[in-house]
Amino acid sequence: MFKAIIALLGILIFQVLSSFWLPSLLHLDLALIATVYFALRDAKLHAALFGSAAGLLEDFLSGAPLGLNGFAKALVGYLVATFNRRLYSEAIASQLIILGLSFLLNLALVWLLLSSVGRPVSLNPAARTQLMIQAGATMLGGLLVGLALSESFANKVREITRRPGQR
Amino acid sequence: MLRKRRSDLLVFLLLVLQFVLFSTQARLGSGDPALKSWMLALAGPALKTTAALAAGAERLWRSYLYFAGLYRENQALKRELEQLRLESRRQAEMLEAGKRLAELLELKQQLPYPAVAARILVYNPSLFARSAIIDKGRRDGIVPDCAVLAAGGVVGRVTFSTKDTAEVQLITAARAAAGVTLTATGTHGVISGTGSDLLLLNYVPPEVNVSMGEMVVTSGLDGIYPPGLVVGRILAIKRGSIFREIWLEPAVELKKLREVLVILKEEKEPGAGSQGLEY
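Basis of the calculations
- Residues numbered from 1 in each chain as written.
- Chains lettered and ligands numbered in written order.
- Predicted model: local features only at pLDDT ≥ 70, side-chain atom pairs only at ≥ 80, totals over all residues.
- Heavy atoms only, no water.
- Contact = heavy atoms within 4.5 Å.
- Buried area = accessible area lost by both parts, 1.4 Å probe.
- Salt bridge = Lys/Arg side-chain N within 4 Å of Asp/Glu carboxyl O.
- Polar contact = N/O pair within 3.5 Å; in protein donor to acceptor, adjacent residues only side chain to side chain.
- Helix = DSSP H or I, 4+ residues; strand = E, 2+ residues; numbered from the N terminus.
- Nonpolar A, V, L, I, M, F, W, Y, C, P; charged D, E, K, R; others polar.
- Expected span 1.5 Å × (residues − 1).
- Buried < 20%, exposed > 50% of the residue type's maximum accessible area, 1.4 Å probe, protein only.
- Pairing = 2+ DSSP bridges.
- Axes fitted to C-alpha atoms, helices over the stretch in contact; angles between N-to-C directions.

Here we take up the interface of chain B and chain A. Every contact between the two is made by 49 residues of chain B and, on the other side, 51 residues of chain A. In this assembly, chain B packs against chain A so that about 4,600 Å² is buried in total across both faces, 71% of it on carbon and sulfur atoms. At the junction of chain B and chain A, the tally comes to one salt bridge. Among the ionic pairs, B:D8 bridges to A:K44, the shortest N-O distance being 3.5 Å. Connecting chain B to chain A are five residue pairs in polar contact (both at pLDDT 80 or more). When contributions to the side of chain B that touches chain A are tallied by element, the ones reaching two or more residues are helix 1 (2-27), helix 2 (33-68), strand 1 (115-125) and strand 2 (130-134) of chain B. When residues of the side of chain B that touches chain A are assigned to their parent elements, the largest contribution, 13 residues, is made by helix 1 of chain B. The residue inventory of the side of chain B that touches chain A, partitioned by class, reads 28 nonpolar, 11 polar and 10 charged.

Printed below as a string of structure tokens:
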């Protein structure tokens, strides 16, 4: 619960600070990354609840109809949590596949939801370029988050910060 | 087993809840005003505080960076020089901010409409909803469908406002559109956002002479943007079967915006529909 609140606050602060300092960073879908890593480490229900809250926050900040990303990210969180044991390892390729599939699933769900209410978004060349940039940024950002959360990284940090006498 | 089923059932209920929320919001166009108003009112102060803290931290960080490289210099000279440089930097920043505000003020004076300046709190460049939240709202007369401008040209329109904040749909948003005129020929068309950094100009027949770099301004026919405001410049032209596909570069670099000008309008009667396209 505490971790989820910190992550949601982190998403909110990231959005505001990036608007100020580096708008290009906003191409990174931090809500999706957080949902995926919650799903990889937590139960299905918790992952869906977190995805739901992160999606609602994203909807609120982006001006999209409330529930659009809430639904999509809740479902992404649930599915990733369901299949995480079969898919996940600390290997970069495995993480890239999970992030890529999650991005595509989230995109497809958002597009389908908008189409279902008669508001499809045209995927013209400029929009496709924009999506490629978002996918690239999200996968790269996700990899960095994955690296920071990985056990091997934590061990290395422990090793470096250990006093010389303790080695 | 029972616990697992209960968990799946709860997830299913959560998804149904989100779907119902989305269906209601999508049906209402700009969303349920009460719910959005409540959320924006709740988050508005937090957003303003974070933005103010960010501005403060930026100043502190710049000062820190500025000091860090000068440790080895003579202390007395350094202090004197530093003060002068900081003063100069502060003045340069003030000059830059002043220039931006002067441009806005000049634009405000040129406009034959009442307008109010506002600061951008949050910018969102996602494909499905390019938007920004500004620090002025109903208290300053900002209501939905007010046009939002910067010194360079059109920024977007207000989609929703609370007492102290407002949400702006940027002109590049996938569902945004505006009536425009080609400056060279006076031909009317409609530009639409693409969710990317470019705009698409539609409904220009192939016989109309269009040239690269030509300026495109608002026509005023959409009832939201007053006529004659710069929208962008033609970047690429592609041949289509009936109409041509014309790509525009927006006149305003939206992601670098800090301040905007909102053209005020008389508040509509409750229940009056929006004239512009909605997300």
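Spanning 25 residues, helix 5 (residues 92-116) of chain A covers 36 Å between terminal C-alpha atoms, matching the ideal 36 Å at 1.5 Å per step. A:G118 sits one or two residues past helix 5 of chain A and shows a positive phi near 75°.

Our next topic: the side chain of B:E167. As for its position among the elements, B:E167 is in strand 5 (residues 166-170). Taking the relative accessible area as the measure of exposure, B:E167 reaches 8% and is therefore buried. Not counting the four nearest positions on each side in its chain, B:E167 is found in contact with A:F60, A:G63, B:K36, B:A132, B:R157, B:V158, B:T159 and B:F160.

Here the focus is the sheet that holds strand 11 (residues 245-250) of chain B. Residue and element names in this part refer to chain B. Pairing in this closed barrel of six strands is antiparallel, and the strands run 6-7-8-11-10-9 around the ring. Adjacent strand axes in the sheet meet at a mean angle of 40°, parallel and antiparallel pairs treated alike. Here three bridges tie strand 9 (residues 215-218) to strand 10 (residues 230-238), and the two strands are oriented antiparallel to one another. Residue pairing across strands places V217 opposite V230, the latter belonging to strand 10.

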